[in-house]
Amino acid sequence: MKRFALLLALCMLLTACVTKVPETEIPDAPAVQPEVPAVTPSVPVAPAEPETPAEPEVPAEPETPAEPEPEPFTAPGKRKEIKNILLIGNSFSYRLVDELYYIAKAAGYDINVYNAYHGGCFIKDHWTWLTDEEKGKGQYGMWETNETGWKKIKVDVDIHEILAHKEWDVITLQHHFTPSNSGTVKNALKNATPYAADYLAYLKENYPNADIIWYEPWAMDVGYSGITSLSIQSSLFKSIHEASLQIAQENEVPMLPCGLAWQNARANEVVGNILCLAKDKAHDGDVEGGQYINGCVFFETIFGKSCVGNTWRPTEYALEEARVLAMQQAAHDAMLEIYGEDYFK
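Calculation criteria
- Residues numbered from 1 in each chain as written.
- Predicted model: local features only at pLDDT ≥ 70, side-chain atom pairs only at ≥ 80, totals over all residues.
- Heavy atoms only, no water.
- Pairing = 2+ DSSP bridges.
- Helix = DSSP H or I, 4+ residues; strand = E, 2+ residues; numbered from the N terminus.
- Axes fitted to C-alpha atoms, helices over the stretch in contact; angles between N-to-C directions.
- Buried < 20%, exposed > 50% of the residue type's maximum accessible area, 1.4 Å probe, protein only.
- Polar contact = N/O pair within 3.5 Å; in protein donor to acceptor, adjacent residues only side chain to side chain.
- Contact = heavy atoms within 4.5 Å.
- Disulfide = S-S within 2.5 Å.

A. Highlighting the sheet that holds strand β4 (residues 149-157). Strands sit in the order β4-β3-β2-β1-β5-β6-β7 across an open sheet of seven strands; the sheet is mixed. The sheet terminates laterally at β4 and β7 (255-257), the two strands that pair on one side only. Strand-to-strand twist across the sheet, computed as the mean angle between neighbouring axes with direction ignored, equals 20 degrees. Relative to strand β5 (residues 170-174), strand β1 (residues 84-89) is paired through four bridges, and the arrangement is parallel. Pairing of L87 across the sheet is with T172, part of β5.

Spelled out as structure tokens, the structure:
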């Protein structure tokens, strides 16, 4: 019993000696810690090379507008009434006025045809007499063909008096091409320009209501001074023709292709090679029909109507019908070559 009491007291003593340890609060686990960015040691960066400035754009050159194509020439007689026609020239225009008048009359046109005539003169002479009043005095005769016939109406007058004679609907101009001045195209142009260009410009400026036309004359026949063969004659024609085409194109005027019509006729067996009756082998002969061909070309150019089948037959001389028709066709073929079929529509 003593032993039990002693054991109980010992147990109580041990219990009293034990120190109570306070509970330590454990903090809640923190939220996910923010990541600490890794520190990258800075590496020096080389400065960027300056940009090369772009080359300034060169503005494109403006396109040169294409020159407008010249409008096709329309026959004056299709655009207006034709009454007064003036031919400025030499003997290669002389008497042509007669044939033109009667061919036109047979086709129903009532016209007056005039010629400012000075024999043997060149375009340079015409220009000098136009621009130099003193030198131009008395240089021309003036011929007229109308219903009363063919006659000389003025003698020893200057070109300004002739130009003032009428209100002109058509004015033609020519040069005197010869073997000596037109053996090559280069020489033909050299002797015709710039006088042709100046004269044509003058007429266009001062006579705006008139159609201004360049007249291509024919090449002389074999037997003329310096023309000893058909090949020389043909070469002369080519020089005259090419020079006349260039003059007409550069000055923007139409051309009367009489020279081409003559070459066409010369190649026709019905017409034959000889068209110049005069002994000098230069001038358009009545009997051989050179004048008639010229009249046909002038008629077609001015009125835009075919001369083929025209009923006019010269009364001063007799031409075989087959020859007349062949010459009409030679003239018409020349016109077709220069202007085409649309010209006659």
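B. Geometry of the side chain of N310. Take N310: it is sitting in the loop between α11 (290-303) and α12 (321-339). Take N310: its relative accessible area is 8%, and that puts it in the buried class. Among the polar contacts listed, one links the side chain of N310 to the backbone oxygen of I103, at a separation of 3.0 Å. Beyond its immediate chain neighbours, meaning those up to four positions away, N310 contacts I103, A106, A107, Y292 and Q328.

C. Main features of helix α10 (residues 258-266). Among the nine residues that make up α10, eight are buried, leaving the element largely enclosed by the rest of the structure. Regarding α10, the residues found buried are C258, G259, L260, A261, W262, Q263, A265 and R266. Buried residues in α10 make contact with β6 (211-216), α9 (230-250), β7, α11 and α12.

D. Geometry of the pairing of β5. Most of β5 is tucked away: five of the five residues are buried. Across the two faces of β5 the burial is the same, with V170, T172 and Q174 and I171 and L173 all buried. As paired strands, β5 and β6 are joined by five bridges and run parallel to one another. Within β6, the residue paired with L173 across the bridge is W214.

E. Highlighting the state of the cysteines. Counting across every chain of the model gives zero disulfides. Here C307 stays free of any disulfide, with the sulfur of C296 as its closest cysteine sulfur at 3.8 Å. Overall, C307 belongs to the buried group, its relative accessible area being 0%.

F. Structural detail: the environment of L130. Examined against the element boundaries, L130 turns out to sit in helix α4 (residues 123-131). A relative accessible area of 6% places L130 in the buried class. Sequence spacing of L130 and I159 is 29 residues, and the spatial spacing of their C-alpha atoms is 6.3 Å. For L130, the residues in contact, after removing those within four places along its chain, are I159, H160, L163, Y199 and Y202.

Read these as geometric descriptors, not functional statements.
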